[in-house]
Amino acid sequence: MITIKNLTKTYKTKHTEMTVLRGIDLEIADGEFLGIMGKSGAGKSTLMYQIGLLDHPTSGNIRIDGVDTETLSNDERTDMRLSTLGYVFQDYALIPELTAKENIMIPLLMQGKSREDAGKISIDMLHKVGLPNKENNLPSQLSGGEQQRVSIARAMAHNPKILFADEPTANLDTISGTNIIELFKQLHEQGQTIVMVTHEEEYAKYCDRVIFLEDGKVTREKAK
Amino acid sequence: MVKSSGQTLAVAWFLAKRQIMRSNRYTTALIVFIMTLTFLNLVVVSGILIGLIEGGNVANRNQYTGDLIVKTIAGKQAIEHSYDISATLVAMPEVEYISARYFENGQIEANYKTRRDFSAIADTAGTQITGIDINDEEALSHISKYVVEGNFLNENESGKILIGSNLLHRFSAAFGDAFASMEGVYPGDEVKVTIGSSTKSFIVQGIVKTKVNEVSLRAFVTKSDFLRLVDRPGLNANEIAVTLKSGTTLTADELKARLVSAGFGNDGNIQTATEAIPEFLNQIKLAFGLLGNVIGFIGIIVASITIFIVIFINAVTRRKYIGIMKGIGISAKAIEYSYVLQSIFYACLGGIVGMMIIYGLLVPTFVAHPLDFPFSDGILVAPFGGTMFKFGLLMLVTLIAGYIPARMIVKKNTLDSILGR
């Protein structure tokens, strides 16, 4: 379970200060598929980055399975990202020099899996996301939808407790976008906790619950 | 979950290998080329500078001193008990050859038969007239190899002389007036040799030319001709050169110690080949070595800056992906090490190519075609141990130069890196 209390985030530059999140309180249950919606600049992605330990909040508290994440060192946060969290980015964020299979392998190798085991798991994951014959393709040799599938396979390969997806369909056509959401649905049905930022109502329908952000605050919530 | 260094290195190697394999080949080739030049600069420049002197030292050892030389003590006419010294040396199984030389200061006069104006200065050159055992000297110094005109002396022929090239004007013109030399002396010509009050005519058998002054500034006759020419009490030699068998464990220093302990320390001046090198040459060698190291040091600095820039640009342009890797849980150390491994790869490959060039091309080329200097045939001195040390030095510098920029980029905020802020 994720518990967020009074979370604020303020970006400071030399001359200006901009508060993006203002006292967010939120709980995300295990196995929940949570959607975060809002207009551009509402703070959706910023909220996800804080929960996903990619950034530090200015104040407030985030607990993941009871662990106060702000008490963790940078190395411990990296470890937690590796062991507990998975990410799917809007622009796929695959490493260009690595093939589809190798992109999936790196977090597994970092976890201490042998190269052979990591390779087998990667190929298995590529089968699961519908890319059985693409393991040796570099990202540049894959379409946007295929790259996003590889990204999902990479995020899921190490069985993360929580999967974060930041507008995963934003750069995809409708068919590819729907396929990706269907993939999330399947994962959710298998018990995966998913936090997804989206601005597309059509895809938000797949979520158990959707929170709406406006000016850094949760203004409303909608459950399925 | 604490990562073992093995895990970290495995991931670093995984990333580094693929980045190298899939990077632009021309860029990789250019970096390796720069590293090769740096390594060559490090080894070859100092190697040539030292080689200028070392070439002279090697020639001195091969053509004159051997591994050890016993010389006449200053103020004495010859080495005392030289027969006993020679006998002791011959009895040692480690000794390969010895050559006893006999010399006296004398004068050679040329063109005296065609001299018309007796008021003009005679065409003479002062030198050490040296008597040698032909076979011993040839075995030790291969002196006949350096005969550039005519032939080497023959044990069975009397009245023949081998003249050092620097005694002849046509060979020593480059030295200016450094020493008196004779005009137009060729093999077959007759010259007059005077030692003290004794004068004898000799036929020039050949001209010997080397860059060792003790050879090219002397005139050689057979030992029997020499002893007929000089009025010398006793048969003590003036120099005894010794070579050790190759592969023997006995060093020149140990041989010297043996001779001293055998009681010959006061009979002659016993010097190893190294000790026989004139002090000024050692000073030049030291200065050249220092100069070579300074140039090499500058080369190392340039190489480290090059590697720094290459890795920095590589890391900066990949900052987003570094952020992503950190984001998905790859440790900072693994990412940093991947860049260090890349820089080590460049340095390693550059060093290996450099060593192949040095030992496969440059050293054999310098041996076959030494640099022609007035005082030596310059070779390339690149002892394997020293070269490996410089290889290690290049690795170390590269390691640091690769690590610092990687660390600078990796320690940036993960999200800022991902978003390119």
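Residues numbered from 1 in each chain as written. Chains lettered and ligands numbered in written order. Predicted model: local features only at pLDDT ≥ 70, side-chain atom pairs only at ≥ 80, totals over all residues.

(A) Seen up close, the overall build of chain A. In terms of regular secondary structure, chain A is built from seven helices and 10 strands. Here the C-alpha atoms of chain A give a radius of gyration of 17 Å, agreeing with the 17 Å that 2.2 N^0.38 yields for 224 residues. Referenced to the eigenvectors of the C-alpha coordinate spread, the extents of chain A come out at roughly 45 × 40 × 35 Å. For chain A, with 224 residues in total, the buried portion stands at 49%. Counting only contacts in chain A whose residues sit at least 6 apart along the sequence, the fraction spanning at least 24 positions is 67%. (Helix = DSSP H or I, 4+ residues; strand = E, 2+ residues; numbered from the N terminus. Rg over C-alpha atoms; globule rule 2.2 N^0.38 Å. Buried ≥ 20, exposed ≤ 12 C-beta atoms within 10 Å, placed from the backbone. Contact = placed C-beta atoms within 7 Å.)

(B) Summary view of the environment of Leu393(B). Residue and element names in this part refer to chain B. By secondary structure assignment, the location of Leu393 is in helix H12 (residues 384–410). For Leu393, a count of 16 C-beta atoms within 10 Å corresponds to the partly exposed category. Spatially, the C-alpha atom of Leu393 lies 42 Å from that of Val215, the residues being 178 residues apart in sequence.

(C) Inspection of unusual backbone geometry at higher detail. Residue and element names in this part refer to chain A. Notably, Asn6 is not glycine yet its phi reads approximately 50°, a positive angle. Positive phi is not limited to glycine here, since Tyr92 has a value of about 70°. Tracing the sequence through the fold places Tyr92 in the loop between strand E6 (85–88) and helix H3 (100–110). Its 23 C-beta neighbours within 10 Å are what place Tyr92 among the buried residues.

(D) Quick look at the domain arrangement of chain B. Residues and elements named next belong to chain B. Annotation of chain B at the domain level lists domain 1 (5–61 + 280–419) and domain 2 (67–272). Each of domain 1 and domain 2 was reduced to a C-alpha centroid, and the two centroids are 50 Å apart. At the interface, eight residues of domain 1 touch five residues of domain 2. Considering every element that reaches the side of domain 1 that touches domain 2, the biggest residue donor is helix H2 (residues 25–65), with four residues. Residues that form the side of domain 1 that touches domain 2 fall into these classes: three nonpolar, three polar and two charged. (Domains from an automatic or database assignment. Nonpolar A, V, L, I, M, F, W, Y, C, P; charged D, E, K, R; others polar.)

(E) Local environment of the packing of H2(B) against helix H11 (residues 332–368) of chain B. Residue and element names in this part refer to chain B. Packing of H2 against H11 brings their axes to within 7 Å, and their N-to-C directions diverge by 50°. Taken together, the axis directions place H2 and H11 in an arrangement best described as oblique. In terms of crossing hand, the pair formed by H2 and H11 is right-handed. Seen from H2, the contacting residues are Ile31, Val32, Met35, Thr36, Thr38, Phe39, Leu40, Val43 and Val44; seen from H11, they are Tyr346, Ala347, Leu349, Gly350, Gly351, Val353, Gly354, Ile357, Ile358 and Leu362. (Axes fitted to C-alpha atoms, helices over the stretch in contact; angles between N-to-C directions. Parallel < 35°, antiparallel > 145°, perpendicular 65-115°, else oblique. Left-handed = near helix turned anticlockwise from the far one by under 90°.)

(F) How the structure looks around the sheet that holds strand E1 (residues 2–12) of chain A. All names here are of chain A. If you walk across this open sheet you meet the four strands as E2-E1-E4-E5, and the pairing is antiparallel. For this open sheet the edge positions go to strand E2 (17–28) and strand E5 (67–68), each flanked by a neighbour on one side alone. Taken together, the eight bridges between E1 and E2 define a ladder with antiparallel strand orientation. If you follow Lys9 over to E2, its bridge partner there is Leu21. Strands E1, E2 and strand E4 (59–64) of the sheet are contacted by helix H1 (residues 44–51), whose axis makes an angle of about 120° with E1. (Pairing = 2+ DSSP bridges.)

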